[in-house]
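Topology and contacts: notes
The primary structure of each chain is shown beneath.
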Number of protein chains: 2
Amino acid sequence: MDDENIEKEAEKKENLDKTTEKQILSAAKRIFHVKGLDGARMQEIADEAGINKAMLHYYFRSKENLFEAIFNEDCVGFFAKLQELISVDLPLLAKIEYFVENYIDLLLKNSYIPAFILNEIHHNPERIKNVFIEKGIHPGNRFIEDIRSAISLGIINPIDPRQLIINIIALCIFPVVARPIVSTVLNFDDDSYTKFIESRKKEVSKFIINSIKIN
Amino acid sequence: MDDENIEKEAEKKENLDKTTEKQILSAAKRIFHVKGLDGARMQEIADEAGINKAMLHYYFRSKENLFEAIFNEDCVGFFAKLQELISVDLPLLAKIEYFVENYIDLLLKNSYIPAFILNEIHHNPERIKNVFIEKGIHPGNRFIEDIRSAISLGIINPIDPRQLIINIIALCIFPVVARPIVSTVLNFDDDSYTKFIESRKKEVSKFIINSIKIN
DNA sequence: GAATGGTTTAACCAACTGGTTAACACAAAA
DNA sequence: TTTTGTGTTAACCAGTTGGTTAAACCATTC
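In this text, all values refer to a predicted model and were calculated from it rather than measured experimentally. (Residues numbered from 1 in each chain as written. Chains lettered and ligands numbered in written order. Predicted model: local features only at pLDDT ≥ 70, side-chain atom pairs only at ≥ 80, totals over all residues. Heavy atoms only, no water.)

**Side note on the domain arrangement of chain A**
Residue and element names in this part refer to chain A. Inclusion rule: Domain delimitation in this document rests on an assignment produced automatically or drawn from a domain database. We call two residues contacting when some pair of their heavy atoms lies within 4.5 Å. Take a side-chain nitrogen of Lys or Arg and a carboxyl oxygen of Asp or Glu: if they are within 4 Å of each other, that pair is a salt bridge. By the criterion applied in these results, polar contacts are pairs of N or O atoms within 3.5 Å in which, for protein atoms, one can donate a hydrogen and the other can accept it, and in which residues neighboring in sequence qualify only through two side-chain atoms. Residue classes follow a fixed rule: Ala, Val, Leu, Ile, Met, Phe, Trp, Tyr, Cys and Pro count as nonpolar, while Asp, Glu, Lys and Arg count as charged, and any other residue, Gly among them, counts as polar.
Partitioning chain A into structural domains gives domain 1 (1-61) and domain 2 (71-212). A separation of 31 Å is found between the C-alpha centroids of domain 1 and domain 2. With six residues of domain 1 at the contact, the number on the domain 2 side is seven residues. Seen at the junction of domain 1 and domain 2, the total is two salt bridges. For K29, the salt bridge is made with D74, and the minimal N-O distance between the two is 3.2 Å. Where domain 1 meets domain 2, there are four residue pairs in polar contact (both at pLDDT 80 or more). Taken together, the residues that form the side of domain 1 that touches domain 2 break down as three nonpolar, two polar and one charged.

Laid out in structure tokens, this is it:
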């Protein structure tokens, strides 16, 4: 491969992130995340992507198709990451610490995603089933086994593993999803609220482990 | 007041619950709760109320006005109830038990409200500020004092009272808001999921108190 | 340099949306 | 009985929406 070819390859690779299709997807993501399926306008997405509205239909045929592309990608990415975090090979209590810290971090870096997914599922609960069926995602099972075994080993107090999992996830997600309410009620500005959630990385795992650990 | 008048008064009172305005409000509530502001159609609300679409505008002038009537009523009712629950005169740990049990009960009986409020605030965060400013709602302050005093009395472990409040509310609300996801992931049917949340009335307060109580 | 085929555009369209209007119904007041 | 004001309706309207189309563009192939 001579210099010229190398150059061309590099150029191609650079442009991969800027194909029309990817531009549409990233613009659509930004609009859908903020306005939701019903609130988003195809024209607005086209403007955001800096292209003609007809292009959206050329690449994705319909608004519903474009939306599903975003929604499914977000869901798969989000649940895959969750699955990855709970699959790390650590003893239960350390795993909980690891999970909480990294999950809150993930949430802070993708703060629109949880509310977006929750909203859209609330308006159309069938969607989530499609994602799980088509994409074959089954988070949780591994974690349930870890909890059962920690209970029988006398490491933690008996608890329904499903209740514990819900508790862990609730404590991580809620402050992100309810951010506008909580920060208003507790008089936080944007920056101090982010710090407040940051501090939950330690606080939440302390709170959970205090509750379940046998001394 | 003779018999005839008494009869008329009774009739009036009965019809109070069935005035056109109330019919509109209850129909609009059902539609907005399920479809949200952007997804709801004025025609659909009119059909649901069994009246002409022009009546909606006769009574509420615009979709936004009608929506705000519902949204504000829901918010005020919801936060007022929350405030009532945390204002009961009990020692902290008993208060937490009392709160969790009654709050989860409230959530189960109004299962659309939390997701509805969260969704609409996510699409328009300004809304919540209007509610708090106009209606003068300030939940939480009383509870924060209770927590501080329980810490200094050595009843519970030191914890940022705001963190504890968020934890309590998160543990109650999340399973209701994320119901479609959780019940799909954990393979619940509708009935068993309701029972699962019912059982959290005891589980959650146990979980919290285990975590903070000094033995 | 003509033909090819994927990409892009401006103009267009039918259906829908929130909102208006003018006429009508009807009970209470005059 | 007439008047008046509130409640109600069907028909209508202008603006918006998702979606289409036919022509133009442009790099590649022959």
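**Comments concerning the protein's contact with DNA strand D**
For clarity, the threshold we go by: For each residue, the test is whether any non-hydrogen atom lies within 4 Å of the molecule or strand; if one does, the residue is near. Comment: elements are numbered from the N terminus, with helices defined as DSSP H or I runs of at least four residues and strands as E runs of at least two.
Residues in contact with DNA strand D amount to 14 residues; listed here are only the nearest, R41, K53 and K63 of chain A together with T20 and M55 of chain B. Here the atoms of DNA strand D within 4 Å of the protein split so that 60% fall in sugar or phosphate, with bases taking the remainder. Here A40 of chain A contributes a backbone N or O atom positioned 3.4 Å from a phosphate oxygen of DNA strand D. At a separation of 3.1 Å, a phosphate oxygen of DNA strand D approaches a polar side-chain atom of Y59 of chain B. Broken down by secondary-structure element, the contributors of at least two residues to the surface near DNA strand D are α4 (53-60) of chain A together with α4 (53-60) of chain B.

**Focus: the pattern of salt bridges**
Quick note on the threshold: The buried label goes to any residue with under 20% of its type's maximum accessible area, the exposed label to any with over 50%, and the partly exposed label to all in between, with areas taken from a 1.4 Å probe on protein chains only.
Enumeration over the complete set of coordinates arrives at 36 salt bridges over all chains. For K201 of chain A, the salt bridge is made with D105 of chain A, and the minimal N-O distance between the two is 2.7 Å. Taken together, the positions of K201 of chain A in helix α12 (residues 190-212) and D105 of chain A in helix α6 (residues 92-109) put the pair 96 residues apart, joining distant regions of the chain. K202 of chain B is the salt-bridge partner of E101 of chain B, the closest N and O atoms lying 3.4 Å from each other. Within this pair, whereas E101 of chain B is found in helix α6 (residues 92-109), its partner K202 of chain B is found in helix α12 (residues 190-212), the two being separated by 101 residues in sequence. Its relative accessible area of 31% is what places E101 of chain B among the partly exposed residues. Judged by relative accessible area, K202 of chain B falls into the exposed class, the value being 56%. Three or more residues are tied together by salt bridges with common partners; here these are D105, K109, E198 and K201 of chain A.

**Quick word on the relation of the copies chain A and chain B**
Selection rule: Fitting of the copies onto one another was done by least squares over C-alpha atoms, counting residues only where both copies have pLDDT of at least 70.
Once turned by 180° and shifted 0.0 Å along the axis, chain A lies on chain B with an RMSD of 0.0 Å. Here the symmetry operator amounts to a two-fold rotation axis. When each C-alpha of chain A is compared by its distance to the rotation axis, S211 of chain A comes out closest, at 1.9 Å. The share of interface residues of chain A whose copies in chain B are also at the interface is 100%, consistent with both copies meeting through the same surface.

**Comments concerning the interface of chain A and chain B**
The test is simple: Here's the idea: put two parts together, see how much 1.4 Å probe accessible area each one loses, and the total over both is what we call buried area.
Counting residues at the interface gives 52 residues for chain A, matched by 52 residues for chain B. Taking both sides of the interface into account, the surface hidden between chain A and chain B amounts to around 4,500 Å²; carbon and sulfur atoms contribute 70%. Ranking the residues of chain A by area buried against chain B places H122, F174 and F207 of chain A at the top, with a combined share of 16%. There are zero salt bridges connecting chain A and chain B.

**Topic: the protein's contact with DNA strand C**
Within the structure, DNA strand C sits among 14 residues, and M55 and Y59 of chain A together with R41, K53 and K63 of chain B are positioned closest to it. Protein-adjacent atoms of DNA strand C, using a 4 Å cutoff, are sugar or phosphate at a proportion of 62%. Y58 of chain A places a polar side-chain atom, nitrogen or oxygen, 3.1 Å from a phosphate oxygen of DNA strand C. At 2.9 Å, a side-chain N or O of Y59 of chain A approaches a phosphate oxygen of DNA strand C. Looking at the surface near DNA strand C, the elements that each hand over two or more residues are α4 of chain A together with α4 of chain B. Top contributing element to the surface near DNA strand C by residue count: α4 of chain A, with four residues. A class-by-class count of the residues in the surface near DNA strand C yields seven nonpolar, four polar and three charged.

**A look at helix α3 (residues 42-49) of chain A**
Residue and element names in this part refer to chain A. The cut-off we apply is this: As used here, the arc is the angular range of directions from the helix axis to the C-beta atoms.
Listed as buried for α3 are M42, I45, A46 and A49. The arc that holds every buried residue of α3, seen down its axis, measures 100°, which confines them to one face. Residues of α3 that are buried in the fold lie against α2 (20-39), α4 and α5 (63-86). Where α3 ends, the next residue or the one after it, G50, has phi of about 70°, a positive value.

**Quick look at the packing of helix α2 (residues 20-39) of chain B against helix α5 (residues 63-86) of chain B**
Residue and element names in this part refer to chain B. Using the following cut-off: The angle between two axes is taken between their N-to-C directions and runs from 0 to 180 degrees, where each axis is a line fitted to C-alpha atoms and a helix contributes only its stretch in contact. By the definition adopted for this analysis, an angle is roughly parallel if under 35 degrees, roughly antiparallel if over 145, roughly perpendicular if from 65 to 115, and oblique otherwise.
Orientation of α2 relative to α5, taken along the N-to-C sense of each, is 95°, at an axis distance of 10 Å. When the axes of α2 and α5 are compared, the pair comes out roughly perpendicular. For the pair formed by α2 and α5, the contact residues are I24, L25, A28, K29, F32, H33, L37 and D38 on the first element and K63, E64, L66, F67, A69, I70, E73 and D74 on the second. Looking at side-chain class alone, the contact of α2 with α5 contains nine nonpolar, one polar and six charged residues.

**A short note on the state of the cysteines**
Quick note on the threshold: When the sulfur atoms of two cysteines come within 2.5 Å, that pair is taken as a disulfide.
According to the stated counting rule, one finds zero disulfides over all chains in the structure shown. Among the cysteines around C75 of chain B, which has no disulfide bond, C172 of chain B carries the closest sulfur, lying 18 Å off. Judged by its relative accessible area of 0%, C75 of chain B falls in the buried class. A disulfide-free cysteine, C172 of chain B has its sulfur positioned 17 Å from the sulfur of C172 of chain A, the nearest such atom. Residue C172 of chain B is classed as buried on the basis of its relative accessible area of 1%.

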